[in-house]
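# Structural overview
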Amino acid sequence: MNKILSKNLVQIARILSDLEYHDGDAIGKYLGITRSAVWKSIKKLQVYGVEIISTKNKGYKLKEPLLLIDIEEIKKEVANSNIEIEVFENIDSTNDYLKKKLKFNKRQIAIAEMQNSGRGRMGRAWHSPFGKNIYFSYAYAFKKDISELNGLSLVVGIACLNAIKEIGIEEDIKLKWPNDGILGGSKLMGNLVELQSENYGYTIAIIGVGINVNMLEASEEITQTWTSLKKVTGKYIERTKLCIALIHNLNLMLEQFAKYGLQEFIVKWQELDSLYNKVIELNNGECKGVAKGINQQGNLILELDSGQQKTFSAGEVSISKR
Ligand code: BTN
């Protein structure tokens, strides 16, 4: 089910975000909609899992602020007519959605407030509760062969981290090869890059980004130890601003990557590499060694006990307990 985020929902959530009671009639008058349209939106938010107190003679009150993603604000800031942007209140997966409607003369961005079947790497599910985090996908065409896009997920990680810093988060976030953002030893974000070869030498990358923003608890079990920006900073974060910063940084860095390749990003990666000089295991102990950064292709370099260096283009890394 793909449902575009309704303007009423955005406006009602904004009004209630002062955490005071608001009467349904007054909200309706203010927005120029009927009281029953207000009620329907409130019910919908409750079905999505938002806690709203409803008290006779007083009206509705939110327990926590809920600033939904504002597409108008994003469009104002990202004034690029070659990018099509859509925001959904509910979708299966933003990556799957873009995969079905690829156009290679236009860049496309899909953002959602909630995913019913959010996907992570290695066939894992990506927990995607309503209104809490960022679920974002960007379909970006490169005039390159698929084999020239090695290391793209590393560039995406750098762009995400820059965007988070740009909105004023000063915590020490690091990257974990190949696609994770780590804060205080726990997973803050991940990206899922899926590549599709097209005609005329084009490859379209569907770049999916998941960032845990205001989530404080998870209603389903998450197998990896996770954190969120709010968990660490204690501050409620406006996701619209983060989306805008993310689009700006991705535009900049993807263009740079298209022109000059991974070379431009190697030094930056080294600064942010959380694994460097750590003893790590690859794919549940299949290989063990000391992480020595990445090579020109973005492959992980591992120094084995024998002193020999081995590189890996894919895999799942964990810090060894040894
Ligand atoms: C990972 O770390 O395993 C990658 C997580 C990627 C999650 C994002 S959320 C937006 C996009 N849509 C999906 O279904 N997955 C990606």
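Going by the structure above, here's the rest.
Residues numbered from 1 in each chain as written. Predicted model: local features only at pLDDT ≥ 70, side-chain atom pairs only at ≥ 80, totals over all residues. Heavy atoms only, no water.

### Focus on the environment of Ile-294
How we decide: Numbering of helices and strands starts at the N terminus; helices are DSSP runs of H or I of at least 4 residues and strands are runs of E of at least 2. Should any heavy atoms of two residues lie within 4.5 Å, those residues are counted as being in contact.
Relative to the assigned elements, Ile-294 resides in strand 12 (residues 287-294). When the C-alpha atoms of Ile-294 and Thr-34 are compared, they prove to be 58 Å apart, with 260 residues separating the residues in sequence. Those residues in contact with Ile-294 that lie beyond four places of it in its chain are Leu-154, Trp-177, Ile-266, Trp-269, Asn-299, Leu-300 and Ile-301.

### Overview of the sheet that holds strand 10 (residues 203-211)
Let me state the cut-off plainly: Only strands that DSSP links by at least two bridges are regarded as paired with each other. Axis lines are fitted to C-alpha atoms, over the contacting stretch for helices. Their N-to-C directions set the angle, which ranges from 0 to 180 degrees.
In spatial order, the strands read 1-4-5-6-10-9-8-7; together these 8 strands make up an open sheet with mixed pairing. Edge strands, defined here as strands with exactly one partner in the open sheet, are strand 1 (3-4) and strand 7 (174-176). Bridge count between strand 9 (residues 186-197) and strand 10: 9 bridges; the pairing is antiparallel. Residue pairing in the sheet places Leu-195 in a bridge with Ala-205 of strand 10. In the packing of helix 8 (residues 239-260) onto the sheet, contacts are made with strand 4 (83-90), strand 5 (107-112), strand 6 (134-142) and strand 10, and the angle to strand 6 comes to roughly 25°.

### Regarding the sheet that holds strand 14 (residues 309-312)
An order of 14-13-12-11-15 is seen for the 5 strands of this open sheet, with the pairing classed as antiparallel. Pairing within the sheet leaves two strands with one partner each, and these edge strands are strand 14 and strand 15 (317-319). On average, adjacent strands in this sheet sit at an angle of 45° to one another, irrespective of strand direction. Bridging between strand 11 (residues 279-282) and strand 12 involves 4 bridges; their strand directions are antiparallel. For Ile-280, the partnering residue across the bridge sits in strand 12 and is Gly-289.

### Here we look at the side chain of Ser-274
In this fold, Ser-274 is placed in the loop between helix 9 (266-272) and strand 11. If we skip the residues at most four places from it in the chain, Ser-274 touches Lys-174, Leu-175, Lys-176 and Ile-182.

### Topic: the packing of aromatic side chains
Quick reminder of the rule: The pairing test for Phe, Tyr and Trp rings, Trp by its six-membered ring, is centres within 6.5 Å, and the orientation test on the planes gives stacked under 30 degrees, edge-to-face over 60, and tilted for anything in between. Accessible area is worked out with a 1.4 Å probe on protein chains only. A residue is then buried under 20% of its type maximum, exposed over 50%, and partly exposed in between.
For the coordinates displayed, the defined rule picks out 6 aromatic pairs. Aromatic pair Tyr-48 and Phe-130: ring centres 4.7 Å apart, planes at 20°, arrangement stacked. On the criterion of sequence distance, the pair formed by Tyr-48 in the loop between helix 3 (35-47) and strand 2 (52-55) and Phe-130 in the loop between strand 5 and strand 6 is long-range, its members being 82 residues apart. Taking the relative accessible area as the measure of exposure, Tyr-48 reaches 13% and is therefore buried. The class of Phe-130 is buried, set by a relative accessible area of 5%. Pairing Phe-142 with Phe-257 gives two aromatic rings, centres 6.0 Å apart and planes at 90°, and the pair type is edge-to-face. Taken as a pair, Phe-142 in strand 6 and Phe-257 in helix 8 lie far apart in primary sequence, 115 residues in all.

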